[in-house]
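Structural overview for review
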Amino acid sequence: MIITHLHPQRRKIVTFDDGSKSLFWDEIGESYHSSQGSIEESKYVFIYNGLDTILEKRVGTSISDTDDTHVNTETINILEYGFGTGLNLILTLNRLIDASQTLLYPKKTLEINYESMDLYPLTEKEYTSLDYEKLSPYYIPIHKAPWNKTFTLAIPNKLILNNYSTIKVNIKKTLCDIRDFKGKLESVDLIYFDAFSPSNQPELWSPEIIYNAADNLKHGGLFTTYSARGILKTSLREKGLIVKRLKGFGKKHHMVNAYKN
Ligand SMILES: C[S@@+](CC[C@H](N)C(=O)[O-])C[C@H]1O[C@@H](n2cnc3c(N)ncnc32)[C@H](O)[C@@H]1O
């Protein structure tokens, strides 16, 4: 059955065996994250098998020199389907702060444009009950920031042990139905596709939505998601993406990475 509209009052906070928290939506019968660990799942699927792949590809490819006076800017555009708790965003920020010590070059600015969409924002009571505040000083400000407006976080140097790198993050939370998202043709380096599962929300995994996501990727861009459902892989291949099946998180057999040549 396709549920066209969900009711946020039917969500509740859950705590998993590893102590991490998430939201469970009984209308859908699914939690926002794996019951084997919300934080660990997000890290595994979207950070280790998503962001890190893009960061590693950039090493050694972008800086032209080490001229002291010249500051280069490296830009990474990330598009997320399903903002939810904001966990993927704060883990992305944390990873970038770590990466600035090892992967980026001195005298470089890393500019991240992170756009994420959702139709059902969390209430303050919900987002403050998840214990994610302890993961990032930016968690609450990100939730409090208005929707449909770009805001910028300038990550202070004292948080970045390498004094020279600067990270500027432009964030836009777009309030919209994934089915209506118009797209950002060939401008995205990395897609986090994090809708509820294809069994429970098949309408968000339709060929049209996946084709549109593929169109949004730049050449060399990466689409990453926790699912490896057949219809998803077929749609990605139909758009010419190279689909790689990776080991899934926890008990899940597989997840997908798909590259645009
Ligand atoms: C698996 S959760 C996302 C988890 C999120 N990335 C996180 O880190 O917490 C799926 C999300 O899709 C959103 N959603 C469900 N139906 C939607 C729709 N039709 N359009 C936009 N967002 C939708 C839900 O509100 C929920 O936030």
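Whatever comes next refers back to the structure up there.
Attention here is on the structure that accompanies the text. (Residues numbered from 1 in each chain as written. Predicted model: local features only at pLDDT ≥ 70, side-chain atom pairs only at ≥ 80, totals over all residues.)

1. Details of the overall build of the protein chain
- Looking only at helices and strands, one finds 6 helices and 11 strands in the protein chain.
- In the protein chain, of all internal contacts separated by at least 6 residues, the share reaching a separation of at least 24 is 68%. (Helix = DSSP H or I, 4+ residues; strand = E, 2+ residues; numbered from the N terminus. Contact = placed C-beta atoms within 7 Å.)

2. Quick look at the site of the ligand
- Taken together, 18 residues lie near the ligand, and Gly82, Gly84, Thr85, Leu87 and Tyr120 sit nearest.
- For the shell around the ligand, the elements supplying multiple residues, two or more each, are α2 (87–102) and β5 (108–118).
- The residue makeup of the shell around the ligand, split by class, is 9 nonpolar, 5 polar and 4 charged. (Near = placed C-beta within 6 Å. Nonpolar A, V, L, I, M, F, W, Y, C, P; charged D, E, K, R; others polar.)

3. What to know about helix α5 (residues 207–216)
- Within the span of α5, buried status applies to Ile210, Ala213, Ala214 and Asn216. Seen end-on, α5 carries its buried residues on one side only, within an arc spanning 160 degrees.
- Against β4 (72–81), β8 (188–193), β9 (217–225) and α6 (230–238) lie the buried residues of α5. (Buried ≥ 20, exposed ≤ 12 C-beta atoms within 10 Å, placed from the backbone. Arc of directions from axis to C-beta.)

4. A few points about the sheet that holds strand β1 (residues 11–15)
- One open sheet holds the 3 strands; their spatial order is β1-β2-β3, and the pairing between them is antiparallel. Strands with a single pairing partner mark the edges of an open sheet, and in this sheet they are β1 and β3 (30–31).
- Bridge count for strand β2 (residues 21–25) against β3 is 2 bridges, and the pairing is antiparallel. Looking at β3, one finds that Trp25 is bridged to Glu30. (Pairing = 2+ DSSP bridges.)

5. Re unusual backbone geometry
- Of note, Asp131 is a non-glycine position whose phi angle comes to about 65 degrees, a positive value.
- With respect to the secondary-structure elements, Asp131 resides in the loop between α3 (124–127) and α4 (139–144).
- We classify Asp131 as partly exposed; it has 15 C-beta atoms within 10 Å.
- With phi around 65 degrees, Asn148 is a residue other than glycine that occupies positive phi space.
- Topologically, Asn148 is positioned in the loop between α4 and β6 (150–155).
- Its 9 C-beta neighbours within 10 Å are what place Asn148 among the exposed residues.

6. Digging into the environment of Gly37
- In this structure, Gly37 sits in the loop between β3 and α1 (38–58).
- The exposure class of Gly37 is partly exposed, given the 19 C-beta atoms found within 10 Å.
- Sequence-wise, Gly37 and Phe16 are 21 residues apart; in three dimensions their C-alpha atoms are separated by 6.4 Å.
- The residues touching Gly37, leaving out its near neighbours within four places in the chain, are Phe16, Asp18 and Ser20.

7. Digging into the sheet that holds β8
- Taken in spatial order, the 8 strands make up an open sheet running β6-β7-β5-β4-β8-β9-β11-β10, and their pairing is mixed. Edge strands, defined here as strands with exactly one partner in the open sheet, are β6 and β10 (242–247). Strand-to-strand, the axes of this sheet are offset by a mean angle of 20 degrees, without reference to chain direction.
- Pairing geometry for β5 and strand β7 (residues 166–175), over 10 bridges, is parallel. The residue of β7 that forms the bridge with Thr109 is Thr166.
- Running at roughly 160 degrees to β9, α1 makes contact with β4, β8, β9, β10 and β11 (254–259) of the sheet. (Axes fitted to C-alpha atoms, helices over the stretch in contact; angles between N-to-C directions.)

Remember, this is a structural readout, not a statement about activity or role.
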